[in-house]
Amino acid sequence: MGKYIVRRLLQMIPVVILSTFLIYAMVFAMPGDPTAGKCGERPCPAAYIEKFNAKYHLDEPLPVQYGYYAKNVVQGDLGENQYGRPVAEELSERFTVTAKLAVMALIFEGVIGILAGVLAGLRKGGFIDNLVLISTLFVISVPIFVTGFAAQYFLGLKWEIFPALATGKDPSLFSLVLPAMVLGSTSLAYIARLMRSNIAENIKSDYVRTAKAKGLTPRRVVGVHTLRNSLIPVVTFMGYDFGALLGGAIVTEGIFGINGVGGYIFKGIQNRDGIAVVGAVTALVIVYLLMNLLVDLLYGALDPRISND
Amino acid sequence: MRVKSRAMAIASISAVALLATACGGSSDTDSTSGGTAGGAIVSGGCNPENPLVAGNTAETCGGDVLDVLTAKLIHYNPETAQPENDIAESIETKDNQTFTVKIKKGYKFHDGTEVLAKNFVDAWNYTAFGPNGQQGGYFFEPVEGFKEVSDPKSKVKKLSGLKVVDDHTFTIKTTTPVSNLPLRLGYTAFAPQPDSFFDDPEAFGKKPVAAGPYKFDSWEENSAIVVSKFDDYSGDFGGNSDKITFKIFQDADAEYTALLAGEIDVVRQIPPSALIDNKFKTDLGDGRYLEKENSTFQFVGMNYHVDPKLKNVKVRQAISMAIDRPTIVKQIFNDAYTPATGWVSPVVDGYKAGACGEYCEFNPEKAKKLLKEGGGYDGKLTLSYNGDGGHKEWTQAVCNSVKKSIGIDCVATPSVDFKTILTKLGKDEVKGLFRMGWVMDYPSIENYLSPIYGATASSNYYGYDNAAFQKKMSEAGAADTPEAANKLYQEAEGLIAKEFTTIPLWYGKTIIGWSDKVTDVKATPFGNPDLAAIKVK
C-alpha cells in the first residue's frame, strides 16, 4: 500500500512539469490582447504597451518566457500576475474560498444524492422513485445560471432566507450555503440516478440473496452489503466532480460574486495572463491527480477484491 | 434571516440620523454646506487595472477612486460640465500659447505638505516621459517639447514648455495656440503629485497620496478600497459623507444584486440584464435611479481611400440613412443609448444639436435614391467589429437594417480584438465599414474633432485629410473667447458632416441606481456618480 502511494506520487512529477509547459504554451498561442481594458475603452498608448511587454517579458519568444517562469517557480516564486500581485498569494486566497464552496457542494450532493438514490432504488417504481426521477430530470435539464439566478432571487432577495451574495476575501460559511447548493444541484441529480440504478441492480444479485438467507437484518443487508458495492461508481464520479467544482464554477461564482478560482482563470485567459493561468491550472492538475489517487485507494476499502499492491 | 435583521438596523440608524440633522437641514444648491454631511457610503467598484497613479489610470475602476482622492487645477461642474477653478487661483494667457498658472496658497496634500508649482511640473514631466510608459502621457501632446520627451526611448526628461516661476506660479507653453487648454486641466492625468511619489511610484500606487476631498485608507485586493474624508481639505468641493468604501465586484450583475440586497448604496452602471423591460425601475422604485447622457459616442468609420466603392459621398450618406437607429437602440440596448444627431456628445461644451441633420434619420426611400445617384454599391459590404466586446448583436442589426432598406449585402465580420482591427487599419487592410467609439478626455467639442480627424491625429483611421478642416481647427485654437472658438469648432464639425467619412450611431447613457439610504446622487459629465456629493439620509 505504502509503496503503491509512493509510486503514484512519483508518477505525478513528469505529469505536472509537462502540463505547466503545455498550459503556458496554449495561453501564449491564444489570440487576444493582454493590455485590452487596461486603458479604459480605448487602446493603450505605445509607450505603455512597450513598458508592459518588457515588464512581463511578452516581447520575448515562448521558450525564453517559459524559462523565466520556470526559473522562478523552482525558487518557489509563482511570479506576479498582470495586476502586479503575487500569484501565490492570490491563489491561496481564492483556493480557500473555492475549496470551501466545493467541499460544501460535495457534501450537499453526496449526502442528499446517495440518500435519494438508495430510497428510490429500493422501491423501484414507487412514489419516492418517481419523485426522484422527475425532480432530477428537472434539475438536469435546467441550465445552472437559471437555477442560480432563481435561487438568488427567491431565497436570497425576496424571502431573505440566505444572503444573496458571498463577496469579499473571506465570505462566511453561511453565505456560501446557497451557492454550494446551486453548484452541487446538477451533480446531485446525477449521483441520485447513478445510485438508484446501482442499488436496484445489486439488490437482485446473488450475494444479497445469500445475506438475506443468512438471516441478516434488512438494515445490514442494504447498509453494508448492497451499499458498499453500489458506491464504487458514485465515488469515482464524486472524485472527478470535486476537481470540476474547483475549476469550473465560473457561472456560480459570477452570479454570487464569489472571488474564486474559476473567475480568476477565466479573467487570466481573457488577458492572456500566462503566469496567472499556469499557476492556477497547475494547482488544479495537482488536485485532480490527488483526488484520483484517493479514489483508487477508496476502491480498495470499499471492495476488498480490488487490490492496490 | 441575517439579511433582514441587518436591513432593520440600518433603517433605525437612518431614522436617528434624520432627527439629529433635521434642524440644520437647509436645502440649498451648494453641496459643501448641506446639513446632512457625515455617515458612510458603500459604492460598487471593480479591481483597478493598474496601481492608483493619476497619470496612469484611464479606466473607470481606478478612475472612480482617484476621482475622489485627487484635486486638480480645475473642477468640472457635475451639472453643466463647465470648468471651475480648484487648485488654480487663475490661468491666464494673452496669445493662447503661453499660459500662466497661479495656484492657491496653502493647498494641502494628504501628507500635510503644501501643493506647489513644482508638484505639477514634476508630475506632468513624469507622465509625459516615454520610458515611464504612462497611459496619460498623450494629454501633454500640445505642450512644447512633447515629441522629444514622449518617445519610448527618450533621454529628454523634461517638457521644455513647462517652467516653474515661483512656488505658486508656473507657465505652460504650447507648440500651437490652444484656446481650450485651461478646460483640459481637470482630468486626473493633470493632478499634482507630492514629493514622496517620485521616490517609488510603484509603491505609491498602492497607497496614494493626493490633495482631494478624500484620503486613502486601505486597499484589500479583490475585496474593498476604503477612503475617508480629509479633515484638512483645502478646496471648495469637499465631500459629504465621512467614508466611502468601494466594494469590489467582478461582475456587474453581482454588483446590482448587492444593491438590491442592501449591501451597497450606489451602482455605477445598471447591468444590461436589468435594463430589459426597464426591470430596474420596478426593482428600485422612483427616485432611486438616474438616466443621463454621457460622453460615449459610437460610430462607424470607413476609409474610402482603401475601399474605392465608398468614394462617392452619396453612397456613404445612403448607408447612414439606411440605419434604423431608434429601433436598434430600443431592441438591442434596451434604451441604454440615444440615437446620435451629430459627431459630438451632447454633454460637452460647444455641442450643437442636429449637426448631422436628415442624414442621421432613418429614411429608406431617400437612402435608395441617394445610393442610385451615387452609383450604387456592388458586392459585399463588411462591418468589422472586435469579437471580445459585446458588439456582435448591434453590428448585425445595423447590417440587417442596411440590407433591408437599400439592398446592400452587408455582413458583420468579427476580429479577435480591438487591437487586431487597429493593426489592420494601420496597414490599410480594412475595406468597408468598421466600428469605432469615443469617450471624452475633457468636456470640449474640440476633443471630438482634433484627435479623430486631424490629418496626423492618433485616432484618425479614416485617411481624413482636409485642409479646410485643419484651418478651422487652428483658427479655433487661436480664438479670443471660448464662444468664438466653439463657433469655429462647430463649423469644423460641419465640414465633417459634408464629407461623411464616419457615420454617427448613438450616444451613451449613464444609468445609476442607489439605495434608499442615500440622497443627492448626481452623475458627472464623465458618466460616473459624483461620490463626493452623495449624502447619507
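Conventions and cut-offs
Residues numbered from 1 in each chain as written. Chains lettered and ligands numbered in written order. Predicted model: local features only at pLDDT ≥ 70, side-chain atom pairs only at ≥ 80, totals over all residues. Heavy atoms only, no water. Disulfide = S-S within 2.5 Å. Helix = DSSP H or I, 4+ residues; strand = E, 2+ residues; numbered from the N terminus. Buried < 20%, exposed > 50% of the residue type's maximum accessible area, 1.4 Å probe, protein only. Expected span 1.5 Å × (residues − 1). Bend = angle between axes of the 7 residues up to and from the residue. Pairing = 2+ DSSP bridges. Right-handed = clockwise from strand over helix to strand, strands pointing away. Contact = heavy atoms within 4.5 Å. Buried area = accessible area lost by both parts, 1.4 Å probe. Salt bridge = Lys/Arg side-chain N within 4 Å of Asp/Glu carboxyl O. Polar contact = N/O pair within 3.5 Å; in protein donor to acceptor, adjacent residues only side chain to side chain. Domains from an automatic or database assignment. pLDDT = per-residue confidence, 0-100. Patch = residues over 30% accessible without salt bridge, like charges linked within 9 Å, V, L, I, M, F, W, Y side chains within 5 Å. Areas by Shrake-Rupley, 256 points an atom, 1.4 Å probe, with all protein chains shown as cover. Arc of directions from axis to C-beta.

### What to know about the state of the cysteines
All names here are of chain B.
Phase 1: Counted under the stated rule, the structure contains 3 disulfides over all chains.
Phase 2: Between the sulfur atoms of C46 and its disulfide partner C61 the distance amounts to 2.1 Å. Across the S-S bond linking C46 and C61, the dihedral sits near -100°, which makes this disulfide left-handed. Of the two residues, C46 sits in the loop between β1 (40-45) and α2 (60-69) while C61 sits in helix α2, which places them 15 residues apart along the sequence.
Phase 3: Classification of C61 as buried rests on a relative accessible area of 13%.
Phase 4: Paired by a disulfide, C356 and C360 hold their sulfur atoms 2.0 Å apart. Disulfide C356-C360: torsion about the S-S bond near 85°, hence right-handed.
Phase 5: With a relative accessible area of 4%, C356 lands in the buried category.

### Thoughts on helix α7 (residues 173-202) of chain A
Phase 1: Counted at 1.5 Å a residue, the expected span for α7(A) with its 30 residues is 44 Å, but the 38 Å between its end C-alpha atoms falls short.
Phase 2: In α7(A), a bend of some 45° at A:S185 exceeds every other bend along the element.

### Section: the pairing of strand β14 (residues 380-386) of chain B
All names here are of chain B.
Phase 1: Taken across its 7 residues, β14 has 5 buried, putting it largely inside the fold.
Phase 2: Inspection of the sheet shows β14 paired to strand β15 (residues 409-415) by 7 bridges, in the parallel sense. Paired with L383 across the bridge in β15 is A412.
Phase 3: One crossover worth recording links β14 to the parallel β15 by way of helix α13 (residues 392-406), and it is right-handed.
Phase 4: Of the strand pairs in this sheet, β14 and strand β16 (residues 433-438) are connected by 2 bridges, and their pairing is parallel. Paired with L383 across the bridge in β16 is L433.

### Thoughts on the interface of chain B and chain A
Phase 1: With 47 residues of chain B at the interface, the matching set in chain A holds 42 residues.
Phase 2: Summing both sides of the interface, chain B and chain A together bury roughly 3600 Å²; the carbon and sulfur share of this comes to 52%.
Phase 3: At the junction of chain B and chain A, the tally comes to 6 salt bridges.
Phase 4: A:K55 serves as the salt-bridge partner of B:E202, at 3.7 Å between the closest nitrogen and oxygen.
Phase 5: Our enumeration of links across chain B and chain A arrives at 13 residue pairs in polar contact (both at pLDDT 80 or more).
Phase 6: The set of elements that each furnish at least two residues to the side of chain B that touches chain A consists of α1 (2-21), α7 (252-260) and α14 (418-426) of chain B.
Phase 7: With 5 residues, α7(B) is the largest single contributor of residues to the side of chain B that touches chain A.

### Re the domain arrangement of chain A
Residues and elements named next belong to chain A.
Phase 1: By the assigned domains, chain A splits into domain 1 (2-87) and domain 2 (88-302).
Phase 2: The C-alpha centroid of domain 2 is placed 31 Å from the C-alpha centroid of domain 1.
Phase 3: Taken residue by residue, the interface counts 28 residues in domain 1 and 27 residues in domain 2.
Phase 4: Counting each side, the surface lost to burial between domain 1 and domain 2 is near 2600 Å², with a carbon and sulfur contribution of 63%.
Phase 5: The interface formed by domain 1 and domain 2 holds 4 salt bridges in total.

### Remarks on the environment of B:Q396
Phase 1: Mapped onto the elements of the fold, B:Q396 is located in helix α13.
Phase 2: On a C-alpha basis, the gap between B:Q396 and B:T502 in space is 18 Å, while along the polypeptide they are 106 residues apart.

### Details of the confidence of the model for chain B
Phase 1: With 93% of its residues at a pLDDT of at least 70, chain B reaches an overall mean of 89.
Phase 2: Here the complex is predicted with pTM 0.85, and the ipTM for its interfaces comes to 0.82.

### Details of a nonpolar patch on the surface
All names here are of chain A.
Phase 1: There is a patch of nonpolar side chains on the surface, built from F145, V146, F149, I250, V251 and F266 and spanning about 490 Å² of accessible area.
Phase 2: When residues of the nonpolar patch are assigned to their parent elements, the largest contribution, 3 residues, is made by helix α6 (residues 144-158).
Phase 3: By the element assignment, V251 lies in helix α10 (residues 250-256).

### Some thoughts on the pairing of strand β17 (residues 502-514) of chain B
All names here are of chain B.
Phase 1: Of all 13 residues making up β17, 13 are buried, and the element is well covered by its neighbours.
Phase 2: Across 2 bridges, the pairing between strand β11 (residues 266-267) and β17 is antiparallel. The residue of β17 that forms the bridge with V266 is W514.
Phase 3: Inspection of the sheet shows strand β12 (residues 289-302) paired to β17 by 10 bridges, in the antiparallel sense. Bridging from a neighbouring strand, K292 pairs with T510 of β17.
Phase 4: When strand β13 (residues 337-339) meets β17, the two strands line up antiparallel, connected through 3 bridges. Bridging across to β17, Y337 finds its partner in G508.

### Structural notes on helix α3 (residues 62-74) of chain A
Residues three or four positions apart in an α-helix share a direction because the helix packs 3.6 residues into each turn.
All names here are of chain A.
Phase 1: Here α3 is 13 residues long and its end C-alpha atoms lie 18 Å apart, about the 18 Å a rise of 1.5 Å per residue gives.
Phase 2: Taken together, the buried positions of α3 are occupied by L62, Q65, Y66 and Y69. Around the axis of α3, the buried residues are gathered within 95° of arc, so they sit on the same side. Exposed side chains of α3 directed beyond 90 degrees from the buried face belong to P63, K71 and V74.
Phase 3: Just downstream of α3 lies G76, where phi reads positive at about 85°.

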